[in-house]
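Coordinates in review
If you want the building blocks of each chain, they are given just below.
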Amino acid sequence: MAATILDGKKCSEMRLEILKEEIGECGLHPHLATVIAGKDPASQMYVRMKHRACEQVGIGSVGIELPGDISTQKVLEKVRQLNADPDIDGILVQLPLPKGIDSERIIEAIDPAKDVDGYHPENMGLLFSGKPRFTSCTPTGIMTLLAEYKIPVAGARAVIAGRSIDVGRPMAALLLNADATVTICHSKTRNLADELKRADILVSAVGKAHFIRPEMVKPGATVIDVGINQLEGKLVGDVDFAAVREIAGAITPVPGGVGPMTIATLMENTLKAAKVRACSSAR
Ligand code: NAD
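Residues numbered from 1 in each chain as written. Predicted model: local features only at pLDDT ≥ 70, side-chain atom pairs only at ≥ 80, totals over all residues. Heavy atoms only, no water.

**As for the overall build of the protein chain**
When helices and strands are counted, the protein chain shows 10 helices and 11 strands. The C-alpha atoms of the protein chain give 19 Å as radius of gyration, which agrees with the globular expectation for 283 residues (19 Å, within 12%). C-alpha atoms of the protein chain, sized along the principal axes, occupy 50 × 45 × 35 Å. Counting all 283 residues of the protein chain, 47% fall into the buried class. In the protein chain, the proportion of contacts linking residues at least 24 apart, taken out of those at least 6 apart, comes to 70%. Carbon and sulfur atoms provide 54% of the accessible area of the protein chain, an area that totals close to 13600 Å². For the protein chain, the distance from the average position of its 33 positive side-chain charges to the average position of its 34 negative side-chain charges is 3 Å. (Helix = DSSP H or I, 4+ residues; strand = E, 2+ residues; numbered from the N terminus. Rg over C-alpha atoms; globule rule 2.2 N^0.38 Å. Buried < 20%, exposed > 50% of the residue type's maximum accessible area, 1.4 Å probe, protein only. Contact = heavy atoms within 4.5 Å. Areas by Shrake-Rupley, 256 points an atom, 1.4 Å probe, with all protein chains shown as cover. Lys, Arg positive; Asp, Glu negative; His and termini not counted. Charge placed at Lys NZ, Arg CZ, Asp CG, Glu CD.)

Here it is in structure tokens:
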């Protein structure tokens, strides 16, 4: 039997509708600032999508566009201005930044209370210590999708391909916090197929088209495809979708799976930041 399709687009639309209502009722006017440097078309598209989602749910948004040859110092100044701006609740720096900009210093300069992308070391530390505050949008969106489809996580064996700071590592921490038994694989992992084949929940964040083939997947497993790749002019994930869906129990499509959940989570994190700031200024 073909796998259940985990429809991230539908789930995200539903969450955005709920969020819109909540924002309408809560009396807060959350604001997100995005910072982009350079003219990478994919990054520009992601930022546009984030602003569109803000508009949809009633979050104000400000887009800061910087030249690709800007210095780290100038980006830092911009981030500090946003940190100090009382109207801004969340700050998102679109990654990757152009070569020559020290991304780590930029991320570390964001006020952790406005770090709606969850990349600041303080927020990462909280996540890994089991007391999450802001958590990275993509893995958090995946957890929401698993919950929405009632995929059991506690006690499940979860295997993640990819150890990046934006996906693989926070994904592992979130799954662990939800009581999964977690393995992280990466480019140096031996016998990758054997590791992946043990997974009840397999998350691929590698960035290679058709990297996950059916022989790497346990029958009935839940397969989460984070990858975004171009193949013969088409957008595809890491998973050989047509073949893997025949043996998986559940699977995310690309597009329409993880991507929309990432954006919904960013909106949720921005409202959360606005609420926390409102509470702390009321004290
Ligand atoms: P990255 O390049 O930072 O990390 C890729 C990871 O894959 C690395 O940890 C590396 O060790 C691992 N890897 C590479 N070759 C491997 C191999 N042969 N076997 C096992 N592991 C291997 O990428 P990233 O930022 O984590 O993104 C991964 C993919 O997810 C990309 O396609 C990216 O575009 C996509 N992405 C999608 C979303 C979304 O919202 N859908 C969000 C973030 C990233």
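We are not done yet, so read on.
**Remarks on the sheet that holds strand β7 (residues 201-204)**
A sheet is described by the order of its strands in space; here 6 strands give the open sequence β1-β11-β8-β7-β5-β6, paired in parallel fashion. On the outer flanks of this sheet lie β1 (4-5) and β6 (181-185), each paired with one strand and no other. Pairing of β7 with strand β8 (residues 222-225), which is carried by 4 bridges, proceeds in the parallel orientation. Across the sheet, the residue bridging to Leu-202 is Val-223, located in β8. (Pairing = 2+ DSSP bridges.)

**Digging into the site of the ligand**
Around the ligand, the surrounding shell holds 21 residues, and the nearest of these are Arg-163, Ser-164, Asp-166, Ile-228 and Thr-262. Within the side chain of Asp-166, one N or O atom sits 3.0 Å away from an oxygen atom of the ligand. The fraction of the free accessible surface of the ligand (860 Å²) that becomes covered by protein chains is 71%. No other element matches the 3 residues that helix α10 (residues 258-282) contributes to the shell around the ligand. Class assignment of the residues belonging to the shell around the ligand gives a composition of 8 nonpolar, 10 polar and 3 charged. (Near = heavy atom within 4 Å. Polar contact = N/O pair within 3.5 Å; in protein donor to acceptor, adjacent residues only side chain to side chain. Nonpolar A, V, L, I, M, F, W, Y, C, P; charged D, E, K, R; others polar.)

**Brief notes about a negative patch on the surface**
On the surface, Glu-13, Glu-17, Glu-21 and Glu-25 cluster together to form a negatively charged patch. Note that Glu-13 resides in helix α1 (residues 8-26). (Patch = residues over 30% accessible without salt bridge, like charges linked within 9 Å, V, L, I, M, F, W, Y side chains within 5 Å. Salt bridge = Lys/Arg side-chain N within 4 Å of Asp/Glu carboxyl O.)

**Side note on the environment of Glu-148**
Along the chain, Glu-148 falls in helix α6 (residues 137-148). We classify Glu-148 as partly exposed; its relative accessible area is 34%. When the C-alpha positions of Glu-148 and Gly-8 are compared, they lie 9.8 Å apart, and in sequence the two are 140 residues distant. With residues near it in sequence (within four places) discarded, Glu-148 still touches Cys-11, Met-14 and Arg-15.

**Considerations on the layout of surface pockets**
Here the second largest pocket is characterised by a volume of approximately 180 Å³. In terms of lining residues, the second largest pocket is bounded by Ala-161, Gly-162, Arg-163, Cys-185, His-186, Ser-187, Thr-189, Leu-192, Ala-205, Val-206, Lys-208 and Phe-211. Residues belonging to the lining of the second largest pocket are distributed by class as follows: 6 nonpolar, 4 polar and 2 charged. (1 Å grid on protein atoms, 1.4 Å probe; cavity = no way out; pocket = protein on both sides within 12 Å on 5 of 7 lines; lining within 4 Å. Points joined across faces, edges and corners; volume = space filled by probe spheres on them.)

**A word on the domain arrangement of the protein chain**
As far as domains go, the protein chain holds domain 1 (27-113) and domain 2 (137-258). The gap between the C-alpha centroids of domain 1 and domain 2 is 28 Å. (Domains from an automatic or database assignment.)

**Observations concerning the pattern of salt bridges**
Throughout the structure, instances matching the rule amount to 8 salt bridges. A salt bridge links Arg-198 to Glu-195; the shortest N-O distance between them is 3.4 Å. Of the charged contacts in the structure, one is a salt bridge between Arg-213 and Glu-215, with a shortest N-O distance of 2.9 Å. A relative accessible area of 36% places Arg-213 in the partly exposed class. Taken together, the shared-partner salt bridges connect Arg-15, Glu-148 and Glu-268 into one network.

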